[in-house]
Structure formats: C-alpha cells, structure tokens
Amino acid sequence: MVMHFFDGRSVRRARMVWRCRQVVYLAVCSALILSGLACTSTRQRNPNEIIYWSSNNPYEIEFARLVVAEWNRRHPDTPVRYQPVPEGQSSEEVILAAVVGKTTPDVYSNMWQGDVEAFARAGVLVPLDTLPGFLEFLYQRCDSAVVREATSEDGHIYQVPWKINPIMMVYNVGLFRAIGLDRPPATYSEYLQAAEKMKADTDGDGYVDRWIGYLNVNVTWWKRLFDFYPLYLAASEGAPLVTGNRVVFNNRYAREVFQFLRRLYAGGHLPRDPMEGRQDPFIAGQVATQFTGPWVVRYLEKFKPEGFEYRFAPVPVPDDHQGPVYTYGDPKNIVIFGTSPNPRLAWKFVRFMISKENDRLFLETTDQLPRRRNLFQDPYFQAYFEKNPRMKPFARQAQYVRGTDVCPVLKEVFDAISQQFEASVIYGVVPVDKALEEAARRVRLML
Amino acid sequence: MGSRKWMIYLVLIAGVIVFTYPFFWMVMASLAPEKEIESLVLLPSRMSLHSYQQVVEKIPIFRALLNSLLVSAAVTAGVLVFGSMVGYALSRLRFRGRNLIFYVILFTMTLPFQITLIPQYILMVKFGWVDTYLALIVPYIMNAFGIIMFRQFFMSIPQDLIDAARIDGCGDLQILFRILWPNAVPALVTVGIITFMNTWNEVLWPLIVIRVEELMTMPQLIALFAVGGRAEAQLGVKLAAATMLALPIVLAYLFFQRYFIESMATTGLKE
Amino acid sequence: MTRRYTGYGFVLPYVVHFLLFVAFPVGFSLVLVFHRWNIIAPMEFVGLHNFHRLANDALFFRALGNTLIFLLIHIPLQIVVALFFAELLNRQLRLRGFFRAAYFLPVIVSGVVVTILWQRLFSYDSGLLNRLLVAIGLGKVGWLVDPDLAMPSIALMATWKNVGLYIVLFLVGLQSVPAQLYEAADLEGATAWQKFRHITLPMINPTIFLVVVLSTIGGFSLFIEPYILTGGGPLNRTLSAVLYIYKEGFFFYHMGYAATLGFFFALLIMLVVVIQKKLVEREVTI
C-alpha cells in the first residue's frame, strides 16, 4: 500500500478530471484531423469575374497571358483570371476531379474533342448553341464539316473548335538520299519498297539497326491516335470509326491499314523493341520516318545533330488512292462549364480569345494552327508562314484533317482497336479480318 | 580448406557485382555525354552534370523532394504516435471491446489493398482532398502493422515501471510518452524506418490522388517523367532523375544500414 | 473506472480512422460492384452485369495467368538464390556485414529507380544484358519484346530487387538452427545434402513460408514495373492485377468494374494465402 500525504479523494478527482480531459482532447484532435479538414471551403464567386484554365504548355501559357492582359485592359469591370491546368497524367483527370469537386473554371481551352461527349452527357457543359450569336460565329469560322464534327448526339454544340496539330510524316532527307530516293514514299507500295532498301545493319554486328520507321508499340489507347488513326483517315478520306451507335471501322480501309503495317512488322521493317529505353532513333538516324505533329519542329531544331535534314509529307495511302490525303488533326477545343455564373460573359471572352487577330497571335506564340477555314490562303496569316516555312506543310494539310467521332466511349473504341492492333499488326498472331471483327464485337458490347 | 574459402569469397564478390554494379552504371551513365550511354561500361570519357541540370530545369524535383519528406515525416509521426497509443491501450489498459478491436486490427492486416483502392479514391474526391497533402497523409497515419508491433513490445515491458509512474502521478499519456517511449527505442526505430520507407517509395496512391505537379512526391514525379514525353527521349536525363530519387534513401542507408536491415528482417516487410 | 475511458480515448482515433478508411471503402466497394459509374454522371444500378463481364473477361484471366507465371518463376528463384547466399554467409567470414549490406542495397531503393534502370539493362538494341550476351558469343534476347519472355524478365528483375531481404531472413533462420543437430548428423556420417535436406530445410520452413506468402502478395501487387517497362504489353503478357484495376479505373473511369476487379483479386489473394499456409503446415509435419 502507498501512503498518501494529502487527501486521497481530491487527488483522485483531480486525476479523473485530467483523464476526462485527455479523452476530450483526443476526441477533439481526432475529429479535427479526420473530419474537420474534410470540409472544403466554399468560395464566393464574383459573377463578373471569369476564370479561365489554359493548358500548361509554356507557349500556350504565354498566349493566355497576352490575351488576358489585353481583355482586362479593355474590360476592367469583368476581369479574367487565368490558371494553367496543373500538369498531371492527363488534363482530363484534372478536369474530372474539378467536376466532382464543383471547382471547374468558366472557360477551359484545352479539351480534347474526343472527351467532350462524355462530359456533355454528364450535363456539366453549357450548350453553346443556346447562347446568342454563337451559331453565326461558328459558321463564319468553320466549314460545315467541322461544325458537324463538333455537334453532339443530342444536337447541341458544347465546344468551340479551336486548334489543330495535323499528324504528318516527317522524314530524314539524308537517309532517303542514301538509298537513292529524292522524294518520300507516298503510297503503301512505295513505302514498302523504300523499307526494303532502308533496312540495314550499318555497324555490321549482325543486327538490323536502320529501319524505315518506328511506331510506339505501347498498347495504351491514345498511341493509336498517332499511327493507326491518321492512316485510316488517309485511306478512307476521313471516314468515321463509329457513327451514332454503329461500328463502322470494320471496313476495307482499316483492313488495308492493318495489312500494310502488318507486312512491315513481319518483314522486320518496323522494330518491335520499345524504344523508350534508348536514344531517340529518329535523331540518331536509325529510323527514316515518323508520324508526328508540328510540335516535333521545335524538338528537332533543339536536338538535331549537325547536317541533319528533315521534311514533312502526308502519311502514306493505299496504291489506288485518289484525291486529297486526310489525316488526324488532334483537335483541342474550348468549353464553358455549367458552373459558370455568367455563361454569356464567358462566351464573350471566348469570342475575343479566338478573334482573327488573336488567332494570329496564337499562331505566332505557339506554332499551333487555329482551326479556322482558309487559314493558309488568308493573306492575314501569310506573313507568319513566310517566316516559318517549316509550318507550311501543316497549314496545307490543315484543309484535310478530321478530329474524332462523337461517341461517349471513344477511349474504349481506341482501346479495343489498340488491343487487336498489337496482336494482329505488331505480333501477327491474329489474322487481320478476325482482329477487326473482334475489336468491332467488343465495341458493340459497349455501345 | 583455404582454396574452398577463396571460392566462397569469389562467389560472394561476384554477388556484390551483380547487386551493386547496375547502380554504379546508372550513376556513371547519368554523368556521361548522351552519345556514350549506349556503349558505356565503366567510366565515361568525361563527366558533367548536364543531365542533372536538365532534370532540375524540366521538373520541380526539389519541390518533390520536399513533398516526399513532408509526407513521409507526417505519416511516420502519425504512425508512431497513434500506433503506440493504440498499442498501449491494447496491451496495458482494460476496457470492454479491447479484444474485438485487436481482432479487427489483425483482420485489416490480411485485407489486400486492392479492395479499398477505388472506394478510397472516391472518398478522397468527395472530401475534396484530391490534390492536397491530406490525401497522401491522413489515410496512412495509422496502420495495423505499427499497432501490433507496439502492442507486442509494450507487453514485454515490466508492470513495475508503469506502476511506479502511476504512483508518481503520471497520466496514461505521460506514462506512454515519458516513460515507455524512451524504453521502446528499438520498436520506434523499426516501425519508424519501415513506415518512412514505405511512404517514401509509394507510387500507386500518389499517382491516383495527386495531379498537381507542385504536390507530387518524388517517385511519382519521376515515374511520370520516365513514362511521359518530357525527358524528350534523353536517356541521361531519365537516369539522372532516377539517381536523384535513389540518393536520399541510399544516403540514409549508408549511415543507418544496420537498423534498416534489422528492421526489415524482424518484420519481413519490404515496400 | 476512469482507465476504461482512457482506453476508449486512446483507441478512438483508430476506430474513426478504421471506419473511414477501411470499413467504409470495403462496404462501398460492395455497393460499387453492382453499379456502373464514371464519377461525373449519376451511379447506375446494373445488377450482376459486372460479374457477368468479369466471367467473360479474357483480360482478367490473362492478368491472373500472368501473376501465376510471375510467381512460378519468382518464388523458386528467390528461395534458391537467397538460400544459396545465406548458406555462404552463414560462417565465419571477413566482411560479412559488407556483403550483407551490398546484397541489401536494391531492397531499399525505390521500385521506380530499379525499373528505370532495368529498362535500360533490358533494352534489345544496346542494353547491358544483350551487350554482355553478344560479348560472350551468345545472341541477343528480346527481354521485354518477346511475349513469352516479358513476364519472366520482370520476375528476374523483381528477384534481383528483393532477394537481399530474403538472404537476411534466411540468415536469421539458419543461425537459429542448433549446432548440435549438425554435429549429431556428422557423427552418423551424413552428407552435406542429407544435412541440408533433413536438418536445415525443416528448420527454416517457417522462413520459407514467410517468403512464399510475401512474394505472393508482392506478385498480386505488381504495378510500377509493368507500368513503366511495358504498359502491360506485349500482348498483355505483363498486365498485372493492379495495373488492370488502375487502367479500368483511371483510364476509362469504369469505377464499378474496377471495384469488382479489386474485390475479386482481393478474395483470391486471401484464398491463395490460406491454401499456402495449409500446404506449408503439412510440409512441416512430414
């Protein structure tokens, strides 16, 4: 037993108070940590302020800065605040989190056309055709084919066609000269013949180290936007993959593209090795062509070795192809979110942002093409192309580009195609007809 | 006998080469000119920090280092404080439902994370915690492993120590943090190292809940850098980023090597 | 009396945490498996559709098969290599601590680092491994390109990364074997193999079980390696369970189906671990 020199009861009471307090503290602390922080503060929005998210590409940020500064100078009482979309795995994820958290901006300028339908169906976008002056503006800016592309299944338009980056074939002039060709292959046969001559073992170690091309062998769905899809659009003069609820990609053109690429892989003309683990094979002169967009110009200018000469040409087409060569334009569009307190004001800003003079500013700042008709013919933009001759082929190509089909499960469509693309084209383990039939079957299940 | 011993040393040294040479190669390649990496075996013709400079210019790697430190430290502190509290309650305090809670904890240890991954993400979205440190810290500030380690350890502490403290008028919080903690350094070190390492090396969860570059942890940022296009197909830059990611843990390992090995050997846990 | 409340106070944070981050997610995943949900649109009840899809999902079974291949290579390799080095280290040696520390190095380094590094080593054209093979007169190997080799290559890499830990674990196990047992066996004229088979192996059985269980759970958790190296290819041969859940959940936002996948993979892991436990326990009694 322990002797207490002071009154036991008061000590006990004091301790009890202390312990009760402990319990209370703990409860309060854990409550604070676990739930108190869960509340997100609801921001008070000023209805006269426009929040605009741009992409995080440094050149587009610069463009946004210039445009917003000009707008704010002209409209000091309805200012725009711009933020580059945080760089994540993809901007779509960022937008998705914002939608769920109801923190979407008023205007977002970098929405991939293929994503719009899913967001439109979820009811988070403003149908722009309900805004006064929208349709007139749109028809003035774009061809009817582009408007059709931008129209959703429910007949509304939720996006403003903004910019494109057409996919073309870049080729190493020196390598083609070395095999006696002074112009790049335009058809499948020419490409295959060039491939035969291009394949070489330049260092004599018994392994091929020079090829006609390289496709990203990763099966991730969007990789097919840069090989299968442009070739398909070129072969079919811009045919859709799906229309309404029907699968249409299981056709002659897709078969031709599959067969063409499959022959290249089977002949060892395209390497199956994922080249991510090595130096860029195009710059290293190991690969003679690549399918890519205008962004490659800046990259090549930065890293190309001395004397490296490259040019652009349309992607190859089937031998019996007639007429213009279409390609994928990788369109990014502008949307207005339903959370906007003042969609008309937001639209007014968008209209300003893509006015003719700002389109020229955009072209000059970012080297990306505004999606407007007669871009190349319009004298207003001529000076830019004279100064940047590298961009001319892309501007010419811009007349013949397609975006994506209106489809809420577009990613799944590309995933289904990509799975079969890998099996049939890259590894040749599934016959072409069966592969496309299987891809079509999987897509039908989802539609 | 002598020759046999030599054979053993030879094999052991071969093992050292197999397990460490790739790291050596990585460091050398990150210092080498881009053109030489493809053929590099030992030392490059000249060394430069060019690749590192590129990494620093392209991605906010120091910010990521800071994020990783902050998150790992917060999680470790949480696991130590809460883990020892629960472990103490389960081993030294009597209350109804104590065994039930213990069994629940044991059960959660066997529960694979695959099942909670998607709902936990949705919870983060609903809380508005996506793109905040909270998403990286709060779900991890308590874990079954820590609790069980502490419970085990506190059970071995003599009751006299606790009784004496109680007589001196200590409350349970004081007993735990003033009396038991100083006597529980091995358990604290083990739980601390394992938790810190696991948090430091975690990639999947950050990939899911963090999209803002400023808040990304180091492994996440570098994993994205490796699979994304921003390394501009420059090998040296990727390898430099990987080296920078390895460096803090390897440095810690060099100093506390014994503790690392013992902690992981006693628990059998790895990242 | 009061200490009881202190007890509750001490475990309260855990209970709240458990309810929020374990109980709720498990319960919610049970709701999700019956729904189609892309997060932005309202949840749609689809009954057993997700189960139906799972039963017909070739990729789900492919991911399972891949995990099996991974485990069948990884576990035996891991045990053999770890035991081999542990045996060598289990004697009076100079620099023993140094060897142990060196083998342990890959264990502590992040999987991201190891994977980026091995991406380089595995490269077909000029990776270190193929350069080595060519230098000793063998041909190049398509480590990650050949569909049949891709998963074994990843298993090889995972073994390289983790084996240091198991060397240490086996070393602890070996040191706990009483020396008298070996001395008695020596007296009876047992060979080295007999000693290993009849003394060492039964004595370190618990360690082997631990290695098997940890590797199994590791196999089902495989993510960053295929995420960086192959994206699941070639021909989905390296698609892992977690990578598949990740793709379904965060590429396509099929939250209901991703939850269904998670649910089933979790059940399978628990099942496999229980079976392994039974098997190993039987093994010990033999």
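Rules used in this analysis
Residues numbered from 1 in each chain as written. Chains lettered and ligands numbered in written order. Predicted model: local features only at pLDDT ≥ 70, side-chain atom pairs only at ≥ 80, totals over all residues. Heavy atoms only, no water. pLDDT = per-residue confidence, 0-100. Contact = heavy atoms within 4.5 Å. Buried area = accessible area lost by both parts, 1.4 Å probe. Salt bridge = Lys/Arg side-chain N within 4 Å of Asp/Glu carboxyl O. Polar contact = N/O pair within 3.5 Å; in protein donor to acceptor, adjacent residues only side chain to side chain. Helix = DSSP H or I, 4+ residues; strand = E, 2+ residues; numbered from the N terminus. Nonpolar A, V, L, I, M, F, W, Y, C, P; charged D, E, K, R; others polar. Domains from an automatic or database assignment. Pairing = 2+ DSSP bridges. Axes fitted to C-alpha atoms, helices over the stretch in contact; angles between N-to-C directions. Left-handed = near helix turned anticlockwise from the far one by under 90°.

With respect to the confidence of the model for chain A
All names here are of chain A. Scored by pLDDT, chain A comes out at a mean of 87, with 88% of its residues at no less than 70. A low-confidence stretch, residues 1-14 (pLDDT under 50), is modelled with two contacts involving residues beyond four sequence positions or located in other chains. Contacts for the low-pLDDT stretch residues 34-43, under 50 throughout, to residues beyond four places or in other chains number 19 contacts.

Things to note about the interface of chain B and chain C
Contacts between chain B and chain C engage 94 residues on the former and 87 residues on the latter. The junction of chain B with chain C conceals about 8,000 Å² of combined surface from both sides, 79% of it contributed by carbon and sulfur atoms. Inspection of the chain B/chain C interface yields one salt bridge. Among the salt bridges present, the one from B:Glu38 reaches C:Arg120, with a minimum N-O distance of 4.0 Å. Between chain B and chain C we count 14 residue pairs in polar contact (both at pLDDT 80 or more) in total. In terms of residue count, the dominant contributor to the side of chain B that touches chain C is helix 1 (residues 2-31) of chain B (17 residues). Tallied by class, residues from the side of chain B that touches chain C come to 71 nonpolar, 11 polar and 12 charged.

Observations concerning the domain arrangement of chain B
Residue and element names in this part refer to chain B. Taken domain by domain, chain B consists of domain 1 (1-48) and domain 2 (50-267). In this complex, domain 1 contributes 10 residues to the contact, which on the side of domain 2 involves 11 residues. Interface area, domain 1 with domain 2, both sides summed: about 810 Å², of which 62% is carbon and sulfur. Remark: the boundary between domain 1 and domain 2 carries zero salt bridges. Counting the contacts that link domain 1 with domain 2 gives five residue pairs in polar contact (both at pLDDT 80 or more).

Remarks on the sheet that holds strand 10 (residues 310-313) of chain A
Residue and element names in this part refer to chain A. As summarised here, the arrangement of the four strands in space is 6-9-5-10, forming an open sheet in which the pairing is mixed. The sheet terminates laterally at strand 6 (211-213) and strand 10, the two strands that pair on one side only. Neighbour-to-neighbour, the strand axes of the sheet open up by a mean angle of 20°, direction not taken into account. Where strand 6 lies against strand 9 (residues 287-292), two bridges are found, and the strand directions are parallel. Directly across from Gly213, in strand 9, lies its bridge partner Thr289. The strands that helix 11 (residues 295-303) touches are strand 5 (168-172), strand 9 and strand 10; relative to strand 10, the one it contacts most, it runs at about 165°.

Looking at the packing of helix 5 (residues 117-127) of chain B against helix 12 (residues 241-250) of chain C
Axis separation between helix 5 of chain B and helix 12 of chain C bottoms out at 11 Å; the angle between their running directions is 35°. Every pair of crossing elements has a handedness; the one defined by helix 5 of chain B and helix 12 of chain C is right-handed. Where helix 5 of chain B abuts helix 12 of chain C, its residues B:Leu117, B:Ile118 and B:Tyr121 lie against C:Ile245, C:Gly249 and C:Phe250.

Here we look at the sheet that holds strand 4 (residues 160-164) of chain A
Residues and elements named next belong to chain A. Strands sit in the order 2-1-3-12-4-13 across an open sheet of six strands; the sheet is mixed. The outermost strands of the open sheet, each flanked by one partner alone, are strand 2 (80-84) and strand 13 (369-370). In this sheet, strand 12 (residues 332-336) lies alongside strand 4 in antiparallel orientation, the contact comprising three bridges. Looking at strand 12, one finds that Lys163 is bridged to Lys332.

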